[in-house]
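# Summary of structural features
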Amino acid sequence: MPTCQEVQYVHVITCQLDSTQTTVSDCIECMACSDNVVRAGLTPKFKDTDVLCSMLDYTPTPPKDRIFPSTQSTDGKAEMFDPPVPDFSVGKYDLSDVDGMEYTLQSVDGPSICIVIQGDAVLLDDGDGSSIVVCRGSIFFIGAGIEVKLKKTTKALLLFRAFSTGL
């Protein structure tokens, strides 16, 4: 049974990071693609307990050192989480107080996957005039170098965008 000195309870408000994954709030997780899983039990797959135990680090650190900071996007409408891995970054777009009903997701050099957490919007294509309705739970792909215009249909709109940065 662990003692109080061995257990750290950390309430994470926005984002926490280890070297291969980022967890934002309590519902967004973005992981780098890897084949470096080390298992110790509860699976019929290969288990390597010795290697797993050698990887564990019990060095005490204050909770504040485990919180991964965010930066603001250039337009100030998104919190950007850029972990120290070349595989991805994550943006949290809370567009609830965006002036007007339209917002443009700027293009990035790599592909993106977005998920709508709250609210409704229409994705607009200026090229052919087509549109796609997205709502809570919708997931959509944005190709590299593509700018996407959103037209909010509800006051609140919260979405996350994971995009590749190491291509």
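Analysis parameters
- Residues numbered from 1 in each chain as written.
- Predicted model: local features only at pLDDT ≥ 70, side-chain atom pairs only at ≥ 80, totals over all residues.
- Heavy atoms only, no water.
- Pairing = 2+ DSSP bridges.
- Helix = DSSP H or I, 4+ residues; strand = E, 2+ residues; numbered from the N terminus.
- Axes fitted to C-alpha atoms, helices over the stretch in contact; angles between N-to-C directions.
- Phe/Tyr/Trp six-rings, centres within 6.5 Å; stacked < 30°, edge-to-face > 60°.
- Lys NZ or Arg CZ within 6 Å of the ring centre and 35° of its normal.
- Core = buried A, V, L, I, M, F, W, Y, C linked by side-chain atoms within 4.5 Å.
- Buried < 20%, exposed > 50% of the residue type's maximum accessible area, 1.4 Å probe, protein only.
- Contact = heavy atoms within 4.5 Å.

### Some words on the pairing of strand E8 (residues 112–118)
Side chains on a regular strand alternate between the two faces of the sheet. Bridge analysis of E8 against strand E11 (residues 139–142) gives four bridges, and the strand direction is antiparallel. Paired with Ile 115 across the bridge in E11 is Ile 139. Two strands pair when backbone bridges link them, and E8 and strand E13 (residues 158–163) are joined in this way by six bridges, in the antiparallel orientation. When the sheet's bridge partners are listed, Ile 115 is paired in E13 with Phe 160.

### Describing the sheet that holds strand E7 (residues 102–105)
Strand-to-strand pairing in sheets goes through backbone hydrogen bonds, with the strands running parallel or antiparallel. Strand order in the open sheet formed by four strands is E7-E12-E9-E10, and the pairing between neighbours is antiparallel. Looking along the sheet, the strands with just one partner apiece sit at the ends: E7 and strand E10 (131–134). Strand-to-strand twist across the sheet, computed as the mean angle between neighbouring axes with direction ignored, equals 25°. Here strand E9 (residues 121–124) pairs with strand E12 (residues 148–152) via four bridges, running antiparallel. Pairing of Ala 121 across the sheet is with Lys 152, part of E12.

### Things to note about the packing of aromatic side chains
The final tally for this structure, using the stated rule, is one aromatic pair. Above the plane of the ring of Phe 163 lies Arg 161, whose end atom (NZ or CZ) is 5.8 Å from the centre.

### Comments concerning unusual backbone geometry
A positive phi is found at Leu 42, a non-glycine position, where the angle reads about 60°. Along the chain, Leu 42 falls in the loop between strand E3 (28–31) and helix H1 (49–55).

### Overview of the nonpolar core
Core analysis: the biggest nonpolar cluster contains 20 residues, and Tyr 93, Leu 95, Tyr 103, Leu 105, Phe 140 and Leu 150 have the highest contact counts within it. Looking at this core, the elements that each hand over two or more residues are strand E5 (78–81), E7, E8, E9, E11, E12 and E13. Leave out the neighbours within four places in its chain, and Leu 105 touches Tyr 93, Cys 114, Ile 142, Ile 146, Glu 147, Val 148, Leu 150 and Arg 161. If you look at the next biggest cluster of nonpolar residues, it comprises ten residues, including Ile 28, Phe 88, Val 90 and Phe 160.

No statement about biological role is implied by the geometric values presented.
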